[in-house]
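A closer look at the structure
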Amino acid sequence: QVQLVESGGGLVQAGGSLRLSCVASRNVCSMGWYRQAPGKQRELVASITSFGITNYADAVKGRFTISRDNAKNTLYLQMNSLKPEDTAVYYCTAYLAMRNYWGQGTQVTVSS
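Sequence order as written defines residue numbering, which begins from 1 separately in each chain. In view of the model being predicted, local features appear only for residues whose pLDDT reaches at least 70, and side-chain atom pairs are presented and counted only at 80 or more, with totals across whole chains, interfaces and linings using the full set of residues. Calculated side-chain values reflect all of the structure's heavy atoms, with hydrogen atoms and water omitted.

**Considerations on the state of the cysteines**
Heads up, the rule is: When two cysteine sulfur atoms lie within 2.5 Å, the pair is treated as a disulfide. Comment: elements are numbered from the N terminus, with helices defined as DSSP H or I runs of at least four residues and strands as E runs of at least two.
Considering all chains together, one arrives at one disulfide under this definition. At a sulfur-sulfur separation of 2.1 Å, the disulfide partner of Cys22 is Cys92. Taking the torsion about the S-S bond as the criterion, the Cys22 to Cys92 disulfide, at about -75°, is left-handed. Taken together, the positions of Cys22 in strand S3 (residues 18-24) and Cys92 in strand S9 (residues 88-96) put the pair 70 residues apart, joining distant regions of the chain.

**Concerning the packing of aromatic side chains**
Filter applied, for reference: Classification of ring pairs rests on two measures: the distance between centres of Phe, Tyr or Trp rings, Trp counted by its six-membered ring, which must be within 6.5 Å, and the angle between planes, read as stacked under 30 degrees, edge-to-face over 60 and tilted in between. Partly exposed residues are those whose accessible area sits between 20% and 50% of the maximum for their type, while under 20% is buried and over 50% is exposed, using a 1.4 Å probe and protein chains only. Over a ring means this: the NZ of a Lys or the CZ of an Arg is within 6 Å of the ring centre and within 35 degrees of the ring normal.
Enumeration over the complete set of coordinates arrives at one aromatic pair. Pairing Tyr34 with Trp102 gives two aromatic rings, centres 5.0 Å apart and planes at 70°, and the pair type is edge-to-face. With Tyr34 in strand S4 (residues 31-36) and Trp102 in strand S10 (residues 99-102), this pair connects stretches of sequence that are 68 residues apart. Judged by its relative accessible area of 25%, Tyr34 is partly exposed. Trp102 gets classed as partly exposed once you look at its relative accessible area, which sits at 38%. Just above the ring of Tyr91 sits the side chain of Arg42; from NZ or CZ to the centre is 3.8 Å. Cation over ring: Arg42 sits above Trp102, and NZ or CZ is 4.8 Å from the ring centre.

If you want it as structure tokens, here you go:
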């Protein structure tokens, strides 16, 4: 079992920045961030392997940076130049032993 706890969401004006964090209860393999806006499907934002290989959705490339601290079992998402369309609940996910685990989500709201 893996527990994931996200933090760092909030309300920010367009053009601003936020940093999300996700602490895992144990070492995991790949980790990532998904988001879900009202009325839309959950979508991948960014992912990172245990070796640091990253992948980003086109919508966030150049604005968001995913990173992890394996010693602290912590995942980060630095979000810059935020846009109103980035408004969503952001979920941390982790993969271990052929299973995906999810956090409870953290709300990010970007005002115009």
